[in-house]
Amino acid sequence: MPTMKPSERMKIPRQAMPERHAAERAVCFQEVNCGYPPDAAATEANRCLQCKDAKCIGGCPVGVNIPAFVEAIAANDLSAAADILLADNVLPGITGRVCPQEKQCEALCVRAKKGTPVGVGYLERFVADWAREHRKDLFEPPAATGKRVAVVGSGPGGLTCAGELAKRGHAVTVFEALHIPGGVLVYGIPEFRLPKAIVHAEVESLRRRGVEIVTDVVIGQTYTIHELLGVEGFDSVFIANGAGLPIFQGIPGENLKGVYSANEFLTRVNLMGAYRFGETDTPIIKASETVVCGGGNTAMDAVRTARRLGGDPATLAYRRSREEMPARAEEVKHAEEEGVVFRFLCSPLEVLGDEKGWVRGVRCIQMELGEPDASGRRRPVPVPGSEFEIPCQVFIQAIGTKANPLLTQTTPGLNTNKWGNIIVDADHMTSIPGVFAGGDIVRGGATVILAMGDGKSAAAAMDRYLGNGSGDAAST
Amino acid sequence: MFTIEQAEWLAPKVRRLVVRAPRVSSHHKPGHFVIVRVHEGGERIPLTIADSDAASGTITLIVQIVGATTERLCSLSAGDSIANVAGPLGRPTEIENFGHAVLVGGGVGTAVIFPQAAKLREVGNRVTAVIGGRSREYVILEKELSSHCNHVYPCTDDGSYGYHGFVTAKLKEVIEECGDVGVVLTAGPVPMMRAVAGVTRPLGIKTIVSLNPIMVDGTGMCGGCRVTVAGEMKFACVDGPEFDAHTVDFAELTDRLTTYREQEALAWNRLHELTERSDASASRCKMREMEDAAASR
Ligand SMILES: Cc1cc2nc3c(=O)[nH]c(=O)nc-3n(C[C@H](O)[C@H](O)[C@H](O)COP(=O)(O)OP(=O)(O)OC[C@H]3O[C@@H](n4cnc5c(N)ncnc54)[C@H](O)[C@@H]3O)c2cc1C
Ligand SMILES: Cc1cc2nc3c(=O)[nH]c(=O)nc-3n(C[C@H](O)[C@H](O)[C@H](O)COP(=O)(O)OP(=O)(O)OC[C@H]3O[C@@H](n4cnc5c(N)ncnc54)[C@H](O)[C@@H]3O)c2cc1C
Ligand code: SF4
Ligand code: FES
């Protein structure tokens, strides 16, 4: 294809992502976004101006060479595109779907200044899906180093680290507490946003590369970290056990029947398949009216899931305004299309119960934005006398999580900060030599791509720690 | 997959399963439990580790059929396997020398006190067990407990065996007669545990209960197992399952256990349609009656 002039490229409008119809998806769990067809992907790729000083790369936490892989799509060389992408990002089919692109790569795209940025996330997903379907999962087993590494937790941080270590010839065992590997990718993020088959395919690919994944093992209970390094004979450990414990607001009525943490609600539905109760055994309360408290991705996933379980209305109560919502922009748009009701500047004060102990509603208070707080966002303050009730039978708290102390408590010598997050140095090493950590347990609730980035750079540091040369992975 | 090495009925609807789970057995302490998922698509349910043998890599589970999942589990025999067994979970029982320790077990709650008895004895306690069942055939682990306890008092509601009456009445007797009871540990149906707390509270005897809220992950991740203890929210799977009986909000626990009644009945009926057992719904209703009767006591 002859190269296009920038002025021609500038004329191409951003290609829309084909989506399942809002009415249909409000009642089903199939993926909302259907993915670009090849011609749309090529057209979108041609919107990229191929900047010399590509700002988008700086917006990507793992530094994907965005113009290069996009150019390969435009040239219809998808295999090359996949190679470029996979060199920096081992789980592009996942990040293409869940990264907050509008705050990362796409935020810095020059085209964002005048109009809309290149659809980097959509293109990334396109290449990843193509590669999963069309490329054989070929790899050369590297020479074994004889070193054994344990990875705690199989979320994006743990899986990435495991893959990178296996590439370097270390024998890797991943210990996962739950019965299915994938972390938040399988228990938290719903099927309609990230099909589980994609996560399972990534896990299977790791297994083929010799990574051993052992489920049903809770480190801190089944084995301690010191046992892993001692009797179990591992040379190094990477801890990526995620953020864990759900936070409750501490308002009255939180133990009524019908109150869930978002983690419980989503785990029942996603991990345990409660939306298919009958085929599966785990129950969930299906309410005609649901209220979810929060404004992040978790809240958005919970409220959209509640909607699909029949919540009408499914209401999101957020104490700040739309602009402050931390959720991905696309999820907010999708939620609105699906009929989710947004109540901004609304803070729950009490969950109300009926005489039998079931939730019947939530009493809220209207907020207004006051002075900026430490985070720079304007602090919501209650408007006196503005209390009101929203009827509901299910109330879901999605206001965040905090570090799970299960592992840290049983690991003497492992330093944590006042929030219980593990403290690491620039090499991701903790206060215990040979023990590294990354992802949410270090950062607090963060993102998939940051956890992956940690897994990747920790693997390089662990490789050095294990005395394996430069720390660069042999190319696969 | 976790293989069942032995399986036998201990009492009507109560089955003892010896399961190969070497990682669990080597780390088991009294008070610990496991989360079991019987088959693909199955629920995750918590079960106490009643015993373990690190040498053979096995753990013992004592399971009472109360619904679909426990029924499925109890339909398995030696040679069959269970999809998932995760653990050991929970905090172990605090074992110290209290002088005289009295253990009160009701029904399968006896599975919880059994490993406690051995350890409490080991550190020098005098150990008494009071174990209850509806009638003779429901009293379990009497012989096994005898080898670790100074005294074992079986009690039956109908007087068909041992002491005629509830375990709480026998407990009162033991406390009065001995006058040296330093601690009471109890596990069983919620109404029973609540009643035990009622006996010891006015006497100021330290009492530890093993709570059994509905759980999912068992690792602190979901909060579904939350209970109120001393006015504070606790996650039973990681903060417990053992708590100071005198500060537990039993009414809330009782109520939260009924959350999924409707769905549980559906699952039960479905399982029984599948296995084409026609007497099922009858026995289910019977069980509900018994539960309700127990709850209203
Ligand atoms: C509902 C929801 C939606 C989200 N949506 C997005 C999104 O759209 N985009 C985005 O970028 N981020 C999103 N996030 C955040 C993102 O998922 C996390 O930042 C990321 O998953 C962190 O990865 P991790 O590897 O650190 O841990 P996790 O993904 O949390 O995985 C940790 C794993 O460790 C296991 N584990 C815990 N304790 C132990 C133990 N003691 N022993 C063994 N295993 C253990 C857990 O079971 C789990 O499988 C979302 C989070 C949630 C909850
Ligand atoms: C820490 C802990 C240890 C336990 N140890 C044992 C044990 O050693 N042996 C044993 O037989 N049972 C034990 N239980 C109870 C056991 O987990 C439940 O009986 C089981 O989950 C019921 O599942 P089901 O599908 O068969 O019944 P369902 O149909 O789901 O429930 C039937 C009835 O049992 C009650 N129930 C439901 N889930 C639970 C639950 N998680 N805990 C308590 N009651 C529940 C409800 O009131 C319900 O109405 C323990 C529970 C906990 C929390
Ligand atoms: S990994 Fe995330 S931030 Fe980086 S290019 Fe892909 S979508 Fe953008
Ligand atoms: S069972 Fe999920 S937190 Fe306890």
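Model, not experiment: these values are computed from the prediction.

Engineer: Give a detailed account of helix α15 (residues 297-308) of chain A, specifying residues and quantitative values.
Structural biologist: Residue and element names in this part refer to chain A. End to end, α15 covers 16 Å across twelve residues, agreeing with the expected 16 Å (1.5 Å per residue, within 8%). Of all twelve residues in α15, ten are buried; the element is thus mostly enclosed. Those residues of α15 not exposed but buried are Ala-299, Met-300, Asp-301, Ala-302, Val-303, Arg-304, Thr-305, Ala-306, Arg-307 and Arg-308.

Engineer: Lay out the pattern of salt bridges with the relevant residues and their values.
Structural biologist: Residues and elements named next belong to chain A. All told, the structure shown has 44 salt bridges over all chains when counted by the stated rule. Between Arg-193 and Glu-331 there is a salt bridge whose closest N-O contact spans 3.3 Å. Residue Arg-193 is located in the loop between α11 (184-187) and α12 (196-208), and its partner Glu-331 is located in helix α16 (residues 329-337); the two are separated by 138 residues in the primary sequence. With relative accessibility at 6%, the residue Arg-193 sits in the buried group. On the basis of relative accessible area, Glu-331 is assigned to the buried category, the value being 2%. Between Asp-373 and Arg-320 there is a salt bridge, with the nearest N and O atoms lying 3.2 Å from each other. Pair noted here: Asp-373 is in the loop between β11 (359-372) and β12 (378-391) and Arg-320 is in the loop between β8 (314-317) and α16, with a separation of 53 residues, a long-range link. Arg-320 shares its class with Asp-373; the two are buried. Salt bridges sharing common partners tie together Glu-19, Arg-25, Arg-193, Asp-301, Arg-304, Arg-308, Arg-328, Glu-330, Glu-331, Lys-333, Glu-337 and Glu-338.

Engineer: Explain the interface of chain B and chain A residue by residue, including any values.
Structural biologist: With 44 residues of chain B at the contact, the number on the chain A side is 43 residues. Regarding the contact of chain B and chain A, the summed buried area is about 3600 Å², with carbon and sulfur atoms giving 54% of it. Run the count over chain B and chain A and you get two salt bridges. Our enumeration of links across chain B and chain A arrives at 25 residue pairs in polar contact (both at pLDDT 80 or more). At the level of secondary structure, the elements contributing two or more residues to the side of chain B that touches chain A comprise β8 (84-89), β15 (226-229), β16 (232-235), α8 (250-256) and α9 (261-274) of chain B. Per-element accounting of the side of chain B that touches chain A gives the leading share, six residues, to β8 of chain B. Taken together, the residues of the side of chain B that touches chain A break down into 16 nonpolar, 16 polar and twelve charged.

Reading the values: rules and limits
Residues numbered from 1 in each chain as written. Chains lettered and ligands numbered in written order. Predicted model: local features only at pLDDT ≥ 70, side-chain atom pairs only at ≥ 80, totals over all residues. Heavy atoms only, no water. Helix = DSSP H or I, 4+ residues; strand = E, 2+ residues; numbered from the N terminus. Expected span 1.5 Å × (residues − 1). Buried < 20%, exposed > 50% of the residue type's maximum accessible area, 1.4 Å probe, protein only. Salt bridge = Lys/Arg side-chain N within 4 Å of Asp/Glu carboxyl O. Contact = heavy atoms within 4.5 Å. Buried area = accessible area lost by both parts, 1.4 Å probe. Polar contact = N/O pair within 3.5 Å; in protein donor to acceptor, adjacent residues only side chain to side chain. Nonpolar A, V, L, I, M, F, W, Y, C, P; charged D, E, K, R; others polar.

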